[in-house]
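Chain and residue survey
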Amino acid sequence: MSNITPLKTEAEQAMIAQGASIAADRKPAFARFADSGLPHRRIEAYHYTDLRALLKNAPPPAQAGGKVTIASPLADIDAYKITLVDGHYEASLSSTLPQGVKLQSVSTLADDGADEKGVLSPDPVIALNAAFSESALDIEIAAKTELTKPIVIRIVTTGAHASYPRVRVNVGDAAKAFIVETHEGGVSGSLIDSVFELRLGDHVEIDHLRLNLVDQSATVLTTFGGAMGRESVYRGHNFVMGGALSRHQIFFRFEGEQSKADISSASLLNRKQHADSTLVVDHAVPECQSREFFAHVLDDESTGVFQGKIIVRPGAQQTDGKMMSRAIVLEDGATMNNKPELEIFADDVACGHGATVGALDEDSLFYLRARGLPKTEAEALMLRAFVGEALEKFEHDGLRDTLESLAEAWLKARSA
Amino acid sequence: MVAVKETVEQVKQLDVDQYRYGFTTDLEVDKAPKGLNEEIVRFISAKKSEPQWMLDWRLDAYRRWKTMDEPQWARVLYPKIDFNDSYYYAAPKKNAAPKTLDDVDPAILDTYKKLGIPLREQEILAGVQMSKVAVDAVFDSVSVVTTFKEELKKAGVIFCSISEAIKDHPDLVKKYLGSVVPVTDNYYATLNCAVFTDGSFVYIPEGVRCPMELSTYFRINEKNTGQFERTLILAEKGSYVSYLEGCTAPQRDENQLHAAVVELVALDDAEIKYSTVQNWYPGDAEGKGGIYNFVTKRGDCRGANSKISWTQVETGSAITWKYPSCILRGDNSRGEFYSIAVSNGYQQVDSGTKMIHLGKNTTSRIISKGISAGKSQNTYRGQVSAHRKATNARNFTNCDSLLIGETCGAHTVPYLESKNASAVFEHEATTSKISEDQLFYCRQRGLSAEEATALIVNGFVKDVLQQLPMEFAVEAQKLISISLEGSVG
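Residues numbered from 1 in each chain as written. Chains lettered and ligands numbered in written order. Predicted model: local features only at pLDDT ≥ 70, side-chain atom pairs only at ≥ 80, totals over all residues.

Looking only at helices and strands, chain A features seven helices and 20 strands. For chain A, whose C-alpha radius of gyration is 21 Å, the value lies close to the compact-globule estimate of 22 Å for 416 residues. Along the longest, intermediate and shortest principal axes, the C-alpha atoms of chain A span 70 × 50 × 50 Å. Sorting the 416 residues of chain A into buried and exposed places 50% on the buried side. A fraction of 82% describes how many contacts in chain A between residues 6 or more apart in sequence connect residues 24 or more apart. (Helix = DSSP H or I, 4+ residues; strand = E, 2+ residues; numbered from the N terminus. Rg over C-alpha atoms; globule rule 2.2 N^0.38 Å. Buried ≥ 20, exposed ≤ 12 C-beta atoms within 10 Å, placed from the backbone. Contact = placed C-beta atoms within 7 Å.)

A tally of regular secondary structure across chain B gives twelve helices and 24 strands. Within chain B, the fraction of its 489 residues that count as buried is 55%. Pairs at least 24 apart in sequence give 83% of the contacts found in chain B among residues at least 6 apart.

A word on the confidence of the model for chain A. For chain A, mean pLDDT is 91; residues scoring 70 or higher make up 98% of the total. Averaged pLDDT values for the elements of chain A fall to 88 in helix H7 (residues 397-415) of chain A and rise to 97 in strand S13 (residues 245-254) of chain A. (pLDDT = per-residue confidence, 0-100.)

So, about the domain arrangement of chain A. All names here are of chain A. You can read the domains of chain A as domain 1 (10-256) and domain 2 (360-416). Centre-to-centre, using C-alpha coordinates, domain 1 lies 30 Å away from domain 2. Each side of the interface is counted separately: domain 1 has eleven residues, and domain 2 has ten residues. Mapped by element, the contributors of at least two residues to the side of domain 1 that touches domain 2 are strand S10 (205-212) and strand S12 (233-240). Among the elements that line the side of domain 1 that touches domain 2, the one with the most residues is S12, at three residues. Each residue belonging to the side of domain 1 that touches domain 2 can be placed in one class, and the counts come to eight nonpolar, one polar and two charged. (Domains from an automatic or database assignment. Nonpolar A, V, L, I, M, F, W, Y, C, P; charged D, E, K, R; others polar.)

Grouped together as the largest cluster of nonpolar side chains are 236 residues, with contacts concentrated most on B:Val202 and B:Ala235. Examining the composition of this core, we find that seven residues originate from one element, helix H4 (residues 124-132) of chain A, more than from any other. In this structure, this core is formed jointly by two domains, domain 1 (10-256) and domain 2 (360-416) of chain A, each of which donates at least three residues. Excluding anything up to four places from it in sequence, B:Val202 contacts B:Ile158, B:Phe159, B:Leu214, B:Ile233, B:Leu234, B:Val241 and B:Tyr243. (Core = buried A, V, L, I, M, F, W, Y, C linked by C-beta atoms within 7 Å.)

Further remarks concern the interface of chain A and chain B. Listed per partner, the contact involves 35 residues of chain A and 35 residues of chain B. Where the side of chain A that touches chain B is concerned, the elements lending two or more residues are strand S19 (335-344) and strand S20 (350-358) of chain A. A total of ten residues in the side of chain A that touches chain B trace back to one element, the largest contributor, which is S19(A). Among the residues forming the side of chain A that touches chain B, the class breakdown is 17 nonpolar, ten polar and eight charged.

If you check the backbone angles, A:Glu231 has positive phi at about 45° while not being a glycine. Within the fold, A:Glu231 resides in the loop between strand S11 (219-228) and S12. What makes A:Glu231 partly exposed here is the crowd of 17 C-beta atoms within 10 Å. The backbone of B:Asp269 sits at a positive phi, close to 60°, despite the residue not being glycine. With respect to the helices and strands, B:Asp269 occurs in the loop between strand S11 (261-266) and strand S12 (271-278). Given 21 C-beta atoms within a 10 Å radius, B:Asp269 is considered buried.

What follows concerns the confidence of the model for chain B. Residue and element names in this part refer to chain B. For chain B, mean pLDDT is 82; residues scoring 70 or higher make up 83% of the total. Put simply, helix H5 (residues 121-128) is where chain B has its lowest mean pLDDT, 47, and strand S16 (residues 325-328) is where it has its highest, 97. Of the regions scoring below 50 in pLDDT, residues 430-434 engages in nine contacts with residues more than four places distant in sequence or in other chains. Across residues 479-489, where pLDDT falls below 50, the model places 45 contacts with residues more than four positions away in sequence or in other chains. Model confidence for the complex: the whole-complex pTM is 0.86, and ipTM, which rates the interface, is 0.86.

All names here are of chain B. Packing of helix H3 (residues 52-66) against helix H9 (residues 187-195) leaves a shortest axis separation of 7 Å and a crossing angle of 145°. Of the two possible hands of crossing, H3 and H9 adopt the one that is left-handed. Contacts between H3 and H9 involve Arg58, Ala61, Tyr62, Arg64 and Trp65 from the former and Thr190, Leu191, Cys193 and Ala194 from the latter. Taken together, the residues that form the contact of H3 with H9 break down as six nonpolar, one polar and two charged. (Axes fitted to C-alpha atoms, helices over the stretch in contact; angles between N-to-C directions. Left-handed = near helix turned anticlockwise from the far one by under 90°.)

Turning to the packing of helix H6 (residues 375-391) of chain A against H7(A), a few remarks are in order. Residues and elements named next belong to chain A. Across the interface, H6 lies against H7 with an axial gap of 10 Å and an inter-helix angle of 150°. Judged by the angle between their axes, H6 and H7 are roughly antiparallel. Handedness of the crossing formed by H6 with H7: right-handed. Judged by residue contacts, Thr376, Glu377, Ala380, Leu383, Arg384, Val387 and Leu391 of H6 engage Arg400, Leu403, Glu404, Ala407, Leu411 and Ser415 from H7. (Parallel < 35°, antiparallel > 145°, perpendicular 65-115°, else oblique.)

The next subject is the environment of A:Ala334. With respect to the helices, strands and loops of the structure, A:Ala334 is situated in the loop between strand S18 (320-329) and S19. Residue classification places A:Ala334 among the buried residues on the basis of 26 C-beta atoms within 10 Å. Between the C-alpha atom of A:Ala334 and that of A:Gly304, which follows or precedes it by 30 residues, the distance is 8.2 Å. Non-local contacts of A:Ala334, meaning those with residues more than four positions away in its chain, are made with A:Leu298, A:Asp299, A:Asp300, A:Glu301, A:Ser302, A:Val329 and B:Ala421.

So, about the pairing of strand S18 (residues 348-351) of chain B. Residue and element names in this part refer to chain B. Of the two faces of S18, the one lined by Gln348 and Asp350 and the one lined by Val349 and Ser351 are each fully buried. Judged from the four bridges that link them, S18 and strand S21 (residues 377-386) form a sheet pairing that is parallel. Bridging across to S21, Asp350 finds its partner in Thr379. (Pairing = 2+ DSSP bridges.)

Another point: the environment of B:Asp60. Within the secondary structure, B:Asp60 sits in helix H3. C-alpha separation for the pair B:Asp60 and B:Ala194, spaced 134 residues apart in sequence, amounts to 7.7 Å.

Residue and element names in this part refer to chain B. Burial analysis of strand S14 (residues 307-314) places eight of its eight residues in the buried class, which makes it a mostly covered element. Taking every second residue as pointing to the same face, both faces of S14 are buried, with Lys307, Ser309, Thr311 and Val313 on one and Ile308, Trp310, Gln312 and Glu314 on the other. Looking at chain direction, S12 and S14 are connected through eight bridges and run parallel. In the strand pairing of S14, Ser275 is matched with Thr311.

For an α-helix the count is 3.6 residues per turn, leaving residues at separations of three or four pointing the same way. Residues and elements named next belong to chain A. Within helix H2 (residues 27-36), burial applies to Ala29, Phe30, Arg32 and Phe33. One side of H2 holds all its buried residues, which, seen down the axis, span an arc of 155°. Buried residues along H2 sit against H4. Once H2 ends, the next one or two residues include Gly37, with phi positive near 70°. (Arc of directions from axis to C-beta.)

The next subject is H3(B). Residues and elements named next belong to chain B. Across its 15 residues, H3 extends 21 Å between first and last C-alpha, which sits within 8% of the 21 Å expected from 1.5 Å per residue. Listed in full, the buried residues belonging to H3 are Arg58, Ala61, Tyr62 and Trp65. An end-on view of H3 places all buried positions within 100° of arc, on one side of the element. Turned more than 90 degrees off the buried face of H3, the exposed positions are Gln52, Trp53 and Asp56. Summarising the contacts, the buried residues of H3 are in contact with helix H2 (38-47) and H9. (Expected span 1.5 Å × (residues − 1).)

Here A:Ala17 shows up in helix H1 (residues 10-18). Each C-alpha atom of the pair A:Ala17 and A:Met241 lies 32 Å from the other, and the pair is 224 residues apart in sequence.

As structure tokens, this is what we get:
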């Protein structure tokens, strides 16, 4: 009954109170958030992740100067490091960047997701970030720069507060880079709402890894907005293990012809974790190719959500899009909600999607057990193969090994 | 790939300017005053001489409806409907309680003749028809005639209008009406509860296989009139019934509202097959006029081993908002949904199904084929869910859509929700998952992968469509030959 204005929840009221003294340039974004409040199940994009019901309280915004006590999971990887602590740039934990890469810490970035024209979509979680993010990183990778080492951006949360990290990376034409975004730290009561924007020129080749390893009691909402020029390649990898409540949004748009994007994701969830992967791939121009592969493993009473949408705009002929979502539900208490969507306005295209939800294949399990493997080991072997499909496209050996050992540890903990 | 030439031509024959049922019949009518309020609800109930409990039920629904909002989630755009701007009851005057077919106004009989619907039993028996079909003919707000009543009675089958059922079989109606689609279900269903005028009632007793096909033919004739029909089909233990529904309306410039509710209940081992050929007036080539078709159809597989199958061929209506669903409550029950939706001109279709798996070992299958041309938008929206206790639930979904031209859109919005580890759901748009064995067999005999797939899927749909009686099947038959070539998602 929308003719009755719903009361604001405690969390919403707290967030609105926090916004009372907000800087003038962030007021429009704040107004948009205050107007809509937290998204709830009757908002289609949040049908399976009702933030109004799930977010019980709004912790106070974090101050600069938080102390990092945890080690980076990627400490052994030879990489350029950039660290954001509670959303604030921390120079002492960041390395010198190579030639062709410039970094600037600014107070605000222009695209706040106010309209469809920006890289970021109008979305309440983005509006919330735009309203409260007090500092942002603006990274510029110059044209023709070819980086040999990955750039690792650590986004660390130190306590029970709200942080709003914001990063923008501009990649010039014909550049080549590997960008890693890790979400770490957090405690019960932490709220992380991060926005990462990637603008890619023409003829670029980019690998992008997003790693959610925050504490299993924290709340983490991450948004990635990408736009790419012509004849370019984007490979996105997502790995989700952390967060009591998490949502990972991807908005990717093709702006130049003959480009390719390959986006994969693996989520390993247990206990009462709720993880939502929401993906929108927008084929705005003709002759582009996209591949999406999302895998979920759900144990105990966890909940997995996959919402994927491929949009083919009018005139985007010769689009080739394929989206696949696979989920393994290990226990009766676990839930998987799948919504793979296609929205197509051009007739000469090849688009498809598939989605499966099910248990591990009984016959294969039987086969392995007949060969003497105990049940848990047989299951672990099959799950390893299942997750492996999402990881195999990874071209950086060191990072792939790290991810594989993280998955291994998760499986071991399960069997124990 | 682009659509092949044959397909383009076949779809053209179904284009909005080819609508063949757009004529009107001039009749003197008995109408309710324009508008919607409690008085109108009382008026309809009084016209039908309904008992008090029915009136109370309607009034309760009306009061609830007043507090509800129109759903916004469907992918359809239309100006806000002024519910006070149409008539909620219109009945031909000369047709007051006809006893036999001879009492029916010849103008109405003529209308059905023009539409190709056989109402005279002897004509049907004369041998032109493939099989016998009993017809309930609903004209605007009333059922004008129901054929083969006597013959059906011998088998124990009750087939009559819902108004008669409320009078003659109040216990059955009281027990089942609103038990599948509750009064509070959704905006249009609640509106229907308040103002439904007529529709069909079917009761198949235990162990009876209904001796003939049953069908209802809906015709909207009056200007500015909404049609709100209500259908209730009950299949007792071990019974079987096949029911079909057809609909047309005259060509008019204003939009007319059609909000129906269909409830099916299948008890242990019963089977209900429900087929629809929906051909309401779709509006003209500029998108003017046409029927707004907001329909709630739901079947409840209440008993073990029961089966409900929906088949729909959708070519009409300016807007279609329709999700025939199955609640798979009984253990081992089965739900099926086969759909072909063709949209042209400015038509907007948002249709699909829901398969709610509640019982153990329940299975469901969804095959949907959407074809959009002109400036139309065609959306498949389907939900498959497994309850925590739905052990071994299985679903297979396949939806293909085809676009003809650059100005239309085809969309797929499936929802798959599983809360049970042993449930297996497969949703696909790619053709590789159709039975590998069958594919292999066909390919061994020299067919290409695409030909083999087309053969299998078409053969599958054909199976169902061929069971429709001739007069309904003409359109449907045309569609099945449409190639799968160039299909997406």
